[in-house]
Every structure is written in structure tokens, then in C-alpha cells.
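Overview (structure and organization)
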Amino acid sequence: MSMKKYALRASLTALGTAMLSMAAQADDRPSLTVAVNQLARTLDPGANTGNVDVRIYYSIFDTLIRRDFVHPTEEGGAKLVPGLAESWSWTSPTTFEVKLRRGVTCHDGNSFNADDVMATFSPERLWGPDAYYPDGKVYFNSLTGVDKVDDHTVRFTTAEHDAVLEHRLSSYMSFIICDEAWTKFKKDGVDHKKWMEEAEAALRWNPVGTGPYKFADYQKNDRVRLVAFDNYYEGKPAAKEVTFKSVPEVAARIAGLVAGDFDIAVEIPPDQWDGLKGYSDLTLKTVPLENSHVLVFNTNDPVLSDKKLRHALSLAIDRKALIDALWKGQTYTPNGYQLPSFGPLYDKNRKGYAYDPELAKKLLKESNYKGQEISYRVIPNYYLYNVEAAQIIQEMWRELGVNMRIDFVESFKDVRAKGVQVFPWSNTYRIPDPTGSLLVLWGPESDAQNSHKLYKATPEFNELSKALYTESDPAKRRAIYSKMQDLFEDDMPMTMLYNPVTGYAMKKTIRWEPYAQYYMDFRPSNLSIGTK
């Protein structure tokens, strides 16, 4: 071999070594391991919107508009900022136009544009009469059209003015999927539900979004691993990868954090907060959640169809005793199905769900209850303190004269199976408005009224629900919602327990802020990692 070829080979070898060295130096970011009580059931943002699901896929997908949780308005309301949309405006009372951000890339390498928005908000997928994802209609039943104006402009048309459309576009069911990954399953002459079922199955554990992290792998009951998407429009993410590790027991999550196996541990209860103060390398962050833990009463059950019994069960619950016993008095029970962040709709004088054991006994005596055993179904470790709360409530109902049995089950499919009577549920206020909370979970298009058949609302409640979507005058909306709460509390398909405060323990090197929702946001604007 000639000296020239030897020199060339040596030069190429040196260049390759240098490039590898540079690549290694360029990606010296740490990896994060997050210990969670339960993994997501799917990473499809249309299929599941539960707490365990959204905290993972919030970093895989973006929305057109984002809520800035760290910087609320002066009144404490939600502040909206650009996401995949650079700007938006109502061009008429029923026409909402969105200008899309340029230079955004999907995880599969395709450029983000209006086609991705059209795929996300197609009537067949989300809001039409035969939409594949039924929950889409709960959020977007006001839509009559979604049109592509050009590659970077989309126009939403509503039947009537939608007072909180901007907020809904920042929340659940609004996560933008990438068109090519979804529509490649579409086949001419094949019903949309059939090909979308195939698409959902293929993408459930192989999602394609535009977020700061992209899917890497999933091991059932073990982990979900995401890797940094360095083409993210906000910049390179701070961590090289993020692994969500299934660790059901609180003690195991804390032990792993102390041992250095985990970087963040979620759902740390109040009884562990003081103990964590003894570790100089750890910190604890807590946040009151825009979420209420409630008890669902199946109003179609032969026993619980008796409204006086449902009221008696609610009145017999001493919520202050629950909060003191479980949460060290550090949370509260909302005074009705509302939060102060509702702004003009919030009624600070509403009494809400009361504790009155004497009235409870009176109503129980007037009811048709004859001592039947009532099933209270619980998924262990799904909600913080849900088992302990069940045991305390069991004693409260025993004092009332009601025989309750706690049944442990594995999933919400089991919870809602035949014979369901009572079960704990978490109701998230997905936007600071009843159209993003009460109406989503209990309104005329909700699963509670339809597929799950847990609640048969009055016609007046459902008519008022529709009016609340379209009315824009704050005073009129307040009056409508006040009446709706009266009707809902009288129906008593559920009772309020409390709003949990969730705790996140983490290494002090992790600079990350939790939100009042269950989202875990690992965008560059909310995560940085130090060395000390």
C-alpha cells in the first residue's frame, strides 16, 4: 500500500475518532429515571386521558395553545401562550383562525403543517357524529368544521360562539398527532373506524408527535423509555432520555431515590414529607392539584337508585376528619364542583357537600335501604390514600347503619364491570371552566351518562350544559352554572371528598416545576439539570 493511502487511512481513522469523541462530548446530558406508581395504559392521547397516562405523553405531544402553569394571571386564572400555534384569533363569532408555527418537525422526520392539525381534528377521529374517539365530542361538540386555509393556517368553525375554545385547544384531546403516521393506515373504501382501529393498535406504543421527547421502548409493568428529540422547536431537551419506572409502593420509590436509582419519585404522601428533610441531596416539591377525589354512586344500581340513600351516604362523610387523618390538614374540600380559578363563575358562598350525620340518619330511615351489603370497588395504589380513605369511610357508613364491603380490583374495566355500586374516582379540572370539568366527566356527552351508564341526568341539566358551552356573557354563564350545580348536587351521582396535594421528591440537581395538573413537563423551559 502506498504511503499516500496509509496517510489517507490514518487521516480518516483520526477523523472518525475525533467525530466520535465530539459526539460523545456533545451528548453528555444525564438520563432521568422517574419512579411512578403506575405506568400509562397507552400513549395514545385520544384513547386515555387518565392521570397515569397524561403525565407521560405530555412530553411526547404538543398542543396548538399551551397553558402557562408557572405564570398564572393576576387573578389566579389560566394564562395561555403559543404552542404549535404562533397566534390565533376569532375572525367572527363562529370562526376561529390559527396561524401555525413554522420549522417544527415530527418525530418521524416529516415537517409539521396544517395536515397534522387536520388529521388530529378530523370529524371522523374526534368530533363528528360517528367519531372514533367518543371523548372528542365531549370537548369539541361545538365544532361544525375544521378547514385548511394554507399549509400554516387552519380555521375552526363552530355552530355558535364557543366561550372557551382557546382553553380546550390547550388541554386534553387536543394533543397534535402527526398526519403521515396516522393516515398511512387509511384505505379507500374502508370504514374510518376500521382503519383507525388498526392505526390506534399500531401507534399505542409507538406514538409520533412533535414534543421534546420521542418514544423509545415499553416493557409492560416495568418501564416506558423516551429519548430526547433534539429537533424540538424550543431547543434540545436537558436530559438525554427519560425513563418512567413502575414502582407501585411508596416506600420502594423513596428507597430507590435515596439509593440513587431514581432521579424523581412521584406521589409522595404527606406522612413521608418530614422524613425526606433529613437528606441533604434531596428536595421535595408539593402542589395542590386542580383535581378532586370523589366517590361515584351508580344511580342505575337497584339499591343506589334511591336518591335519599345517596344523600345519606354523602352526608355521613366527615371530610375534615378524612383530611386531618390522611393529609395532615394540608388540603381542602371544594365548596361544590368548582374552583376559585373559575373566575366569574366561582361562587364563594356555595355550601357544597356538607357533613350532617343526623340528617344522614333521617334520610337513611326514609330510604328503601334494607341493610344490603354495598360494594365499594378500589384499585390499590392507583390514587394516593384511596385504600385508607375507603377504610375510614367504611367506618363512617357503619356508624350510619350502612353495610359496605371493600372490593379490590385491578383496573377501571373491573371497577365498572357488572354490579358496580360505589368507587373512588379523580375528577380533573382540565381547564378552569365547568366545560372542561363537570361537563366533560358528567355532561350529556360524557361516558358517565352514556357508555358507562352510571348517571341519568335530568333533561334540564343536559339542556343547561349545552347553553353553558355557547353563552359568552359572564353573568349569564354564572347563573346557568349555579343552577346546574343545584341540579347536580340534588341528583347526587357522586360526592366530593377532597383535592389532593401531590408531592414530588427529587435530587437537588433537578430543576423542574410540577404543575397543578398531572402533566410532567420536561420541555427545556421547565427542566434543567445541574451538578450540585
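Everything in this summary refers to the structure shown in the same document.

Cut-offs applied
Residues numbered from 1 in each chain as written. Predicted model: local features only at pLDDT ≥ 70, side-chain atom pairs only at ≥ 80, totals over all residues. Heavy atoms only, no water. Helix = DSSP H or I, 4+ residues; strand = E, 2+ residues; numbered from the N terminus. Buried < 20%, exposed > 50% of the residue type's maximum accessible area, 1.4 Å probe, protein only. Contact = heavy atoms within 4.5 Å. Areas by Shrake-Rupley, 256 points an atom, 1.4 Å probe, with all protein chains shown as cover. Lys, Arg positive; Asp, Glu negative; His and termini not counted. Charge placed at Lys NZ, Arg CZ, Asp CG, Glu CD. Axes fitted to C-alpha atoms, helices over the stretch in contact; angles between N-to-C directions. Parallel < 35°, antiparallel > 145°, perpendicular 65-115°, else oblique. Nonpolar A, V, L, I, M, F, W, Y, C, P; charged D, E, K, R; others polar. Disulfide = S-S within 2.5 Å. Pairing = 2+ DSSP bridges.

Here the focus is the overall build of the protein chain. What the protein chain contains, in helices and strands, is 18 helices and 20 strands. Projected onto its principal axes, the C-alpha coordinates of the protein chain cover approximately 105 × 60 × 45 Å. With 532 residues in all, the protein chain has 56% of them scored as buried. Put simply, 69% of the contacts in the protein chain that link residues at least 6 apart link residues at least 24 apart. For the protein chain, the computed accessible surface area is about 22500 Å², with 50% contributed by carbon and sulfur atoms. Of the charged side chains in the protein chain, 65 are positive and 70 negative, and the gap between their average positions amounts to 3 Å.

When two helices pack together, their arrangement is captured by the angle between the axes and the distance separating the axes. Look at helix H11 (residues 307–315) against helix H18 (residues 474–491): their axes get within 8 Å of each other, and the N-to-C directions meet at 95°. In terms of their interaxial angle, H11 and H18 are classed as roughly perpendicular. Contacts between H11 and H18 involve Lys307, Arg310 and His311 on the former and, on the latter, Glu489, Asp490 and Asp491. Here the contact of H11 with H18 is built from residues that sort into no nonpolar, one polar and five charged.

A few words on the state of the cysteines. Across all of its chains, the model carries one disulfide by this definition. Here Cys106 engages in a disulfide with Cys178; their sulfurs sit 2.2 Å apart. Where Cys106 bonds to Cys178 through sulfur, the torsion about that S-S bond is close to -95°, and the disulfide is left-handed. Residue Cys106 is located in the loop between strand S5 (95–100) and helix H3 (114–120), and its partner Cys178 is located in the loop between helix H6 (165–168) and helix H7 (179–183); the two are separated by 72 residues in the primary sequence. Residue Cys106 shares its accessibility class with Cys178, and that shared class is buried.

Another aspect to go through is the pairing of strand S1 (residues 32–36). The buried fraction of S1 amounts to five of the five residues, a majority that puts the element mostly inside the structure. With burial as the criterion, each face of S1 is covered, one bearing Leu32, Val34 and Val36 and the other bearing Thr33 and Ala35. Where S1 lies against strand S10 (residues 241–246), five bridges are found, and the strand directions are parallel. Note that in S10 the partner of Ala35 across the bridge is Lys245. In the sheet, S1 pairs with strand S11 (residues 264–265) via two bridges, with the strands oriented parallel. Considered in S11, the bridge of Ala35 is made with Ala265.

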